[in-house]
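Each chain, letter by letter, is given below.
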Amino acid sequence: MKTYRILNLLLLVLLLMVLVMVSPAQSAPAAPNVLTGYYNMMGFEGVSTWGTHLGANGPRPPVNDYGTTHCQYINVPLTTVGDYYMRFALKLPNGANINKVSMRIADFHSGGSMWVYLRSRPWNSRDFGDTLGLALTPVGGAGSDHLIHMENLDIDVNNATTQYWIDMSPQNSADPGQLCVYSLQVQYTTDGTMLPLLRAGN
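Only a predicted model underlies this, so the values are computations on that prediction, with no experimental measurement involved. Counting of residues starts from 1 at the beginning of each chain's written sequence and follows it residue by residue. Where local features are concerned, this predicted model is filtered to residues with pLDDT of at least 70; where side-chain atom pairs are given and counted, the filter is 80 or more; whole-chain, interface and lining totals use all residues. Only heavy atoms go into the side-chain values, all of them from the structure, while hydrogens and water stay out.

## Here's the deal with the overall build of the protein chain
Secondary structure is summarised from DSSP: a helix means a run of H or I of at least four residues, a strand means a run of E of at least two, and numbering begins at the N terminus for each. The secondary structure content of the protein chain amounts to one helix and twelve strands. Secondary structure elements in the protein chain, listed N-terminal to C-terminal, are α-β-β-β-β-β-β-β-β-β-β-β-β. With a 1.4 Å probe rolled over the protein chains alone, any residue whose accessible area is under 20% of its type maximum counts as buried; one over 50% counts as exposed, and the rest are partly exposed. When the 202 residues of the protein chain are sorted by exposure, 38% land in the buried category. Sequence separation of 24 or more characterises 79% of the internal contacts of the protein chain that already satisfy a separation of 6 or more. Only the protein chains shown count as cover for residues, and the accessible areas themselves come from Shrake-Rupley with a 1.4 Å probe. Accessible surface computed for the protein chain: about 11600 Å², of which carbon and sulfur atoms make up 58%. In what follows, a contact means two residues having at least one pair of non-hydrogen atoms within 4.5 Å.

Okay, structure coming up:
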């Protein structure tokens, strides 16, 4: 009887050892964590620049702050879309996937809009850039602040080859402060395998 108990005990120990050795090999590899990130910028971080329509060069157009609201605008009256841009360079994690861009914009011009473009180009080129997304404040929806979005984006960030930025172009009146920018936000996801590679500048 005693021998039987010892044999049972030995078999149990051997079974436990087999389970300990086999379990890690049979376990499925853990999926990488999907994380959501947010890249926020304020209006004063944008840089004014000439647009494609004018084809001019020289000093940058002036940028002003509308009152105490920290809402930035290009201080040139009676502009049309593409004359000037407020340009915001995006410095996002390499390997991130851009899925949404949101902008907080004041629009007090009943006949105009703020046009917002998400663009990219090879970092070592002088190309105008490819438009990846577009949004604008509603025409005739003046008199208030607007939160506008570019949604359902699917843009993989590759900082080794490409640079990314936001262009905002006003279609304004004799009072350029009627269209101004408070802030913007880029929403992106990462899969836990991104590389920490950043390249700044436009």
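## With respect to the side chain of Ser 113
Within the secondary structure, Ser 113 is located in the loop between strand S6 (97–107) and strand S7 (114–122). Assessed through its relative accessible area of 1%, Ser 113 is described here as buried. Counting of polar contacts relies on pairs of N or O atoms within 3.5 Å, with two restrictions inside protein: one atom must be capable of donating a hydrogen and the other of accepting it, and residues adjacent in sequence are counted only when both atoms are side-chain atoms. A polar atom in the side chain of Ser 113 sits 2.9 Å from the backbone oxygen of Thr 137. Those residues within four positions of Ser 113 in sequence are excluded, and the remaining contacts are Asp 107, Leu 136, Thr 137, Pro 138, Val 139, Ser 169, Pro 170, Gln 171 and Leu 179.

## Quick word on the sheet that holds strand S5 (residues 84–90)
The sheet built from five strands is open, its strands ordered S2-S5-S11-S7-S8 with antiparallel pairing. The outermost strands of the open sheet, each flanked by one partner alone, are strand S2 (47–50) and strand S8 (130–136). Across the sheet, the mean angle separating the axes of adjacent strands is 30° when strand polarity is ignored. Whether two strands pair comes down to DSSP finding at least two bridges between them. Looking at chain direction, S2 and S5 are connected through four bridges and run antiparallel. Angles run from 0 to 180 degrees between N-to-C directions of axes, and those axes are lines fitted to C-alpha atoms, restricted for helices to the stretch in contact.

## Focus: the pairing of strand S4 (residues 71–74)
With burial as the criterion, each face of S4 is covered, one bearing Cys 71 and Tyr 73 and the other bearing Gln 72 and Ile 74. Taken together, the four bridges between strand S3 (residues 63–66) and S4 define a ladder with antiparallel strand orientation. Residue Asp 65 lies in a different strand from S4, and its bridge partner there is Gln 72.

## Overview of the nonpolar core
The set of buried Ala, Val, Leu, Ile, Met, Phe, Trp, Tyr and Cys residues whose side-chain atoms join them within 4.5 Å is what this entry labels a nonpolar core. Ile 98, Val 101, Met 103, Val 116, Leu 118, Ile 166 and Met 168 are the most contacted members of the largest nonpolar core, which totals 30 residues. At the level of secondary structure, the elements contributing two or more residues to this core comprise S5, S6, S7, strand S9 (144–150), strand S11 (162–170) and strand S12 (179–190). Discounting chain neighbours no more than four positions away, the residues touching Leu 118 are Leu 90, Ile 98, Val 101, Asp 130, Thr 131, Leu 132, Gly 133, Met 150, Leu 153, Ile 155, Trp 165 and Ile 166. Counting five residues, the second-largest nonpolar core is a separate cluster that includes Cys 71, Ala 106, Cys 180 and Tyr 182.

## Focus on the packing of aromatic side chains
Aromatic pairing here means that ring centres of Phe, Tyr or Trp (its six-membered ring) are within 6.5 Å. Orientation follows from the plane angle: under 30 degrees is stacked, over 60 is edge-to-face, and everything else is tilted. Applying the stated criterion across every chain yields a total of three aromatic pairs. Centre to centre, the rings of Tyr 85 and Tyr 117 are 6.4 Å apart; their planes meet at 85°, and the pair counts as edge-to-face. Here Tyr 85 is found in strand S5, whereas its partner Tyr 117 is found in strand S7, with 32 residues between them in sequence. Tyr 117 matches Tyr 85 in its accessibility class, with the two residues each being buried.

## Thoughts on the confidence of the model for the protein chain
Atom-level detail of predicted coordinates should not be read off regions where pLDDT is low. A residue's pLDDT is the predictor's confidence in that residue, given on a scale from 0 to 100. Of all residues in the protein chain, 76% have pLDDT values of 70 or greater, and the mean over the chain is 82. Contacts from residues 22–31, a stretch scored under 50 in pLDDT, to residues over four places away or in other chains number zero contacts. Counting interchain partners and residues more than four positions distant, the pLDDT-below-50 stretch residues 195–202 has 20 contacts.

## Re the environment of Gln 163
Considering the arrangement of structural elements, one finds Gln 163 in strand S11. The spatial distance from the C-alpha of Gln 163 to the C-alpha of Arg 119 is 8.5 Å, given a sequence separation of 44 residues. There is a polar contact of 2.6 Å between the side chain of Gln 163 and the side chain of Arg 121.

## Brief notes about a nonpolar patch on the surface
For patches, a residue must show more than 30% relative accessible area and have no salt bridge; joins then use 9 Å for like charges and 5 Å for nonpolar side chains, namely Val, Leu, Ile, Met, Phe, Trp and Tyr. Whenever Lys or Arg places a side-chain nitrogen within 4 Å of a carboxyl oxygen from Asp or Glu, that contact is recorded as a salt bridge. A contiguous nonpolar patch, built from Leu 134, Leu 136 and Val 139 and spanning about 260 Å² of accessible area, is present on the exposed surface. By secondary structure assignment, the location of Val 139 is in the loop between S8 and S9.

## As for the pairing of S11
A regular strand places its side chains so that they alternate between the two faces of the sheet. A large share of S11 lies buried, amounting to nine of its nine residues. Of the two faces of S11, the one lined by Thr 162, Tyr 164, Ile 166, Met 168 and Pro 170 and the one lined by Gln 163, Trp 165, Asp 167 and Ser 169 are each fully buried. As judged from the five bridges shared by S5 and S11, these two strands associate in the antiparallel manner. The residue of S11 that forms the bridge with Met 86 is Met 168. Where S7 lies against S11, nine bridges are found, and the strand directions are antiparallel. Within S11, the residue paired with Leu 118 across the bridge is Ile 166.

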